[in-house]
Number of protein chains: 2
Amino acid sequence: METKPQERHRKPRADAQRNRERVLEAAKAVFSVGGAEASLEAVARQAGVGIGTLYRHFPTREDLFEAVYRREVEQLAELAEELKTEPSPVEALRRWLRSTVQFVATKKGMMAALAIVMNANSELAAYSHGHLTRSIGALLARAVAAGEIRSDISADDVLRALIGMCYMHDQTGWQQSVLRLLDVFVDGMKTGKARE
Amino acid sequence: METKPQERHRKPRADAQRNRERVLEAAKAVFSVGGAEASLEAVARQAGVGIGTLYRHFPTREDLFEAVYRREVEQLAELAEELKTEPSPVEALRRWLRSTVQFVATKKGMMAALAIVMNANSELAAYSHGHLTRSIGALLARAVAAGEIRSDISADDVLRALIGMCYMHDQTGWQQSVLRLLDVFVDGMKTGKARE
DNA sequence: AGTTATACGGAGGACGCCTCCGCTTAGCAA
DNA sequence: TTGCTAAGCGGAGGCGTCCTCCGTATAACT
């Protein structure tokens, strides 16, 4: 009896998935510390897998960068989701924006890597742009619906402002500066002119 | 007779200076094509010097990036100087801005490298920012003095706009887009509302 | 011409990249 | 359960790059 030439696929093996996850976690840690050109063998070591396994899951360094980055963007989206339960919509927005700054800050080494990947893969740019815009949009909408902030600012506007602000991340003390600017920005969007 | 313990320094050797120049030239070429992680041995090869010589002049890869970048910024400054003889001040400004875009375009691979270096060395950022602002300032001043453009735009403003526009250099076709935007921008600065 | 500080080149050891393949194991069917 | 096999694993090994070190060469100076 011939077995059908495999139209049905087996369920992906559990260990494969686990290893993939481990590598991503390790990569995040290693790249954050060692920058974009950290050794992939170090990543494999830290993940406790063989170098071959790493290469099977992520054939190129860029693939790994990309996967790590996607994960992070998705996590930001999840954070936005969670923040929906935060009582004050404006506070939720502020918190999310601040998290983003944190996100950029811890990725010092990765930013350069991302510049490369983004260049080569505009689909990734679109993907993250979409995710981020949607997250901001949701947070904005809630705050607007509550009448807490003005309604003529789009999610795109906010994202652009955010990116622009973080673009200064080469100067020392940029982080505090951006956090201040964000506070001002959020305050500026409030409707009631009564500041807290 | 003891020779004084070398308070006076010899004139730097001619071959050393020549080699340094060669390496910089080669590095510019190699990095433009091969990106930030091109082989340093390839650079030495192309420059026609030993690898040891390269390392003596530029102990780290970043040192080399930095030197190449400084040269380029200085060349942009020189271009601004030359453009002072251009009959139409506005045209001079436009030409310079367009050159800058070219500059960014050919440095595709280098941009990521620069992001790293800029992060680690804010003196370099200040240096280039200063040079660029001064170049723009000179071009602006001449155009303003000739009454061709409005006078309430600072060199910093122009630089910020320029950088912001080039920041989109991950999308395909960004270059044409930026060139168009620059034209609009320059047109917008003209005083007489009569377009050419 | 002689002296010497300065610079040169490239061999070599260490290390990272990536491929390849023999071994292991999870999923599946009987 | 048991056996089968596709899917997955690890790491040895070949190759290229990094960077140091040092014997040789030579420009600047006397």
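These lines cover the structure that appears in this document, whether it is placed above or below. (Residues numbered from 1 in each chain as written. Chains lettered and ligands numbered in written order. Predicted model: local features only at pLDDT ≥ 70, side-chain atom pairs only at ≥ 80, totals over all residues. Heavy atoms only, no water.)

**Quick look at helix α2 (residues 40–47) of chain B**
All names here are of chain B.
- The complete set of buried residues in α2 reads Leu40, Val43, Ala44 and Ala47. The arc that holds every buried residue of α2, seen down its axis, measures 95 degrees, which confines them to one face. Projecting away from the buried face of α2 at angles above 90 degrees are the exposed residues Arg45 and Gln46.
- For α2, the secondary structure elements touched by its buried residues are α1 (14–34), α3 (51–57) and α4 (61–82).
- With a side-chain oxygen positioned 3.0 Å from the backbone nitrogen of Glu41, the residue opening α2 is Ser39.
- Within two residues after α2, Gly48 carries a phi angle of roughly 75 degrees, on the positive side. (Buried < 20%, exposed > 50% of the residue type's maximum accessible area, 1.4 Å probe, protein only. Helix = DSSP H or I, 4+ residues; strand = E, 2+ residues; numbered from the N terminus. Arc of directions from axis to C-beta. Contact = heavy atoms within 4.5 Å. Polar contact = N/O pair within 3.5 Å; in protein donor to acceptor, adjacent residues only side chain to side chain.)

**A short note on the protein's contact with DNA strand C**
- Neighbouring DNA strand C are 24 residues, the closest being Arg61 of chain A together with Arg13, Asn19, Thr53 and Arg56 of chain B.
- A distance of 3.3 Å is found between a phosphate oxygen of DNA strand C and a backbone nitrogen or oxygen belonging to Lys11 of chain A.
- Arg10 of chain B is positioned with one of its side-chain polar atoms (N or O) 3.0 Å from a base oxygen of DNA strand C.
- Taken together, the elements giving at least two residues each to the surface near DNA strand C come down to α2 (40–47) of chain A together with α1 and α3 of chain B.
- Considering each element in turn, the surface near DNA strand C owes the most residues, five residues, to α3 of chain B.
- Classifying every residue of the surface near DNA strand C gives seven nonpolar, seven polar and ten charged. (Near = heavy atom within 4 Å. Nonpolar A, V, L, I, M, F, W, Y, C, P; charged D, E, K, R; others polar.)

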